[in-house]
Amino acid sequence: MVNKDGTVALVFATIKPAIGGSPDYESFLNGQTTPDGKRIDGVRDLARTFTKGDHKIMTTGGPEISQSFKEAADVDIKGILPWVLGLTFVLLFALFRRLSGLLIPFAVIIASIMASMGVGGWFGCSINNMTAMVPQVLIAIVVADVVHILVSFYRPYDQGMSKLEALTYALDKNYVPTLLTSASTAIGFFSFSQAQIVPIGQLGIMAGIGTLIAWLFTYLIAGPLIRICPIKAKQKTANAEYVTTSSEFSNKAALWLETNRKWVLGVCGVALVMTFGVASKTKVNSDPYMYFPKDHQMNIATTFLEDKLGGATTIEIVQSIIFSAVAQVHHTIAPKIFRSLRKI
């Protein structure tokens, strides 16, 4: 296909159907190396090779979209996850200022992520743009669970309670609250599993399972590690009221809320109404090209193609013909179907 002024040509390429599986878009676009060491160039390689002088070759279409999503998922895992881990490290260090306050949460984080991704794979889930976010979600959930245990342990331990008693108190105090929180969060994630979009369903399965695993590992890993690790109390002050005594900040915050409860409820109510108004303006957009930045090579090619030729997407019509036992019936109906498709 050539545009009206003859400056742009469009070449359609069809990938060989993958019977019994999905097409290998990565090899098609990026090339592959044969077992004997021979390099076979992909479409992207050919486009770079033949882009010379005033001729520029760009690629777009279904394979580019699928492969771009896969590559974006890889970039997200390698790029976002280290940042999340780094910020989590800084937060835990600022909160506890103890080596155990860093090592124990990270032990649970690593174990929970590995177990959740493994169970997800066992259930047939794959790594895509949605499931690539599961590690970040689990980091937040694990930190919330473990921080509850550590805070409840450190405070009485620093105020005179023995290590075993402080650990028992922390585990017992947070057992029901963390269990209910994890269960309700997992139910919310599992509700995604009924979505018609497969990646969203897989996200719900992996994140839901991961939430329950995170809670289980909080007690099975964090608890024993607290018990066996040599943790020193910052200050051993005998205080018989450490369990029931609240901190000065908590007392002041509770008193302020009690005094200003009407204002707090009023402001929160107004803010809630305003958020409904803002949320109603959110647009639902399922255009896959808009998921990528404008300077992405696929978007550049697609925009250029739409400007020069008027469109970049195609409609594929698949007609399933039921073969009759009587050959004459098939020979009579089939030509009519194909003539109708030709008119369309």
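Conventions and cut-offs
Residues numbered from 1 in each chain as written. Predicted model: local features only at pLDDT ≥ 70, side-chain atom pairs only at ≥ 80, totals over all residues. Heavy atoms only, no water. Helix = DSSP H or I, 4+ residues; strand = E, 2+ residues; numbered from the N terminus. Expected span 1.5 Å × (residues − 1). Bend = angle between axes of the 7 residues up to and from the residue. Buried < 20%, exposed > 50% of the residue type's maximum accessible area, 1.4 Å probe, protein only. Contact = heavy atoms within 4.5 Å. Salt bridge = Lys/Arg side-chain N within 4 Å of Asp/Glu carboxyl O. Patch = residues over 30% accessible without salt bridge, like charges linked within 9 Å, V, L, I, M, F, W, Y side chains within 5 Å. Areas by Shrake-Rupley, 256 points an atom, 1.4 Å probe, with all protein chains shown as cover. Core = buried A, V, L, I, M, F, W, Y, C linked by side-chain atoms within 4.5 Å.

*Asks:* Explain helix H3 (residues 62-96) residue by residue, including any values.
*Replies:* Residues spaced three or four apart along an α-helix face the same direction, because each turn holds 3.6 residues. Between its terminal C-alpha atoms H3 stretches 50 Å, which fits the 51 Å expected from 35 residues at 1.5 Å a residue. A bend of about 25° at isoleucine 80 is the largest found in H3, and the proline proline 82 appears one to four places after it. Along H3, the positions that sit buried rather than exposed are Pro63, Glu64, Ile65, Gln67, Ser68, Ala73, Leu81, Thr88, Leu92 and Phe96. Check the buried side of H3 and you find it contacts helix H1 (25-30), helix H2 (43-50), helix H4 (100-122), helix H5 (134-158) and helix H10 (297-309).

*Asks:* So, the environment of isoleucine 15: which residues are in play, and what are the values?
*Replies:* Counting through the fold element by element, isoleucine 15 comes out in the segment before H1. Here the alpha-carbon distance between isoleucine 15 and proline 63, two residues 48 residues apart in the chain, equals 8.8 Å. Beyond its immediate stretch of four places on either side in the chain, isoleucine 15 contacts Pro23, Tyr25, Phe28 and Pro63.

*Asks:* Let's hear about the pattern of salt bridges: which residues, and what values?
*Replies:* Enumeration according to the criterion identifies 7 salt bridges in this entry. For glutamate 71, the salt bridge is made with arginine 44, and the minimal N-O distance between the two is 2.8 Å. Of this pair, glutamate 71 sits in helix H3 while arginine 44 sits in helix H2, placing them 27 residues apart in sequence. Salt-bridge contacts for arginine 48 lead to aspartate 45; the nearest nitrogen and oxygen are separated by 2.5 Å. Pair noted here: arginine 48 and aspartate 45 are both in helix H2, with a separation of 3 residues, about one helical turn. The exposure class of arginine 48 is exposed, given its relative accessible area of 57%.

*Asks:* Mind laying out a nonpolar patch on the surface, listing which residues take part and the relevant values?
*Replies:* A grouping of Tyr175, Val176, Leu179 and Leu180 is seen on the molecular surface, where their side chains present a nonpolar patch of about 360 Å² in accessible area. Here valine 176 is to be found in helix H6 (residues 163-190).

*Asks:* Explain the nonpolar core residue by residue, including any values.
*Replies:* Note that soluble globular proteins tend to have their nonpolar side chains buried in a common cluster. With 41 residues, the main nonpolar core has Leu92, Leu150, Phe153 and Ile226 as its most contacted residues. Elements with a contribution of two residues or more to this core: H3, H4, H5, H6 and helix H7 (198-228). Looking at which element gives the most residues to this core, the answer is H5, with 13 residues. Residues contacting isoleucine 226, with those up to four places away along its chain left out, are Ile104, Ile149, Leu150, Phe153, Lys163, Leu167 and Ile231.

*Asks:* Any chance you could break down unusual backbone geometry for me, citing the residues and the numbers?
*Replies:* Of note, arginine 97 is a non-glycine position whose phi angle comes to about 55°, a positive value. Considering the arrangement of structural elements, one finds arginine 97 in the loop between H3 and H4. Residue class for arginine 97 comes out exposed when judged on its relative accessible area of 55%.

*Asks:* Please give an account of the environment of glycine 208 that cites residues and values.
*Replies:* Turning to its location among the elements, glycine 208 is positioned in helix H7. With relative accessibility at 0%, the residue glycine 208 sits in the buried group. Separated by 26 residues in sequence, glycine 208 and serine 182 have C-alpha atoms that sit 9.0 Å apart. The residues touching glycine 208, leaving out its near neighbours within four places in the chain, are Ala186, Phe189, Phe190 and Leu203.

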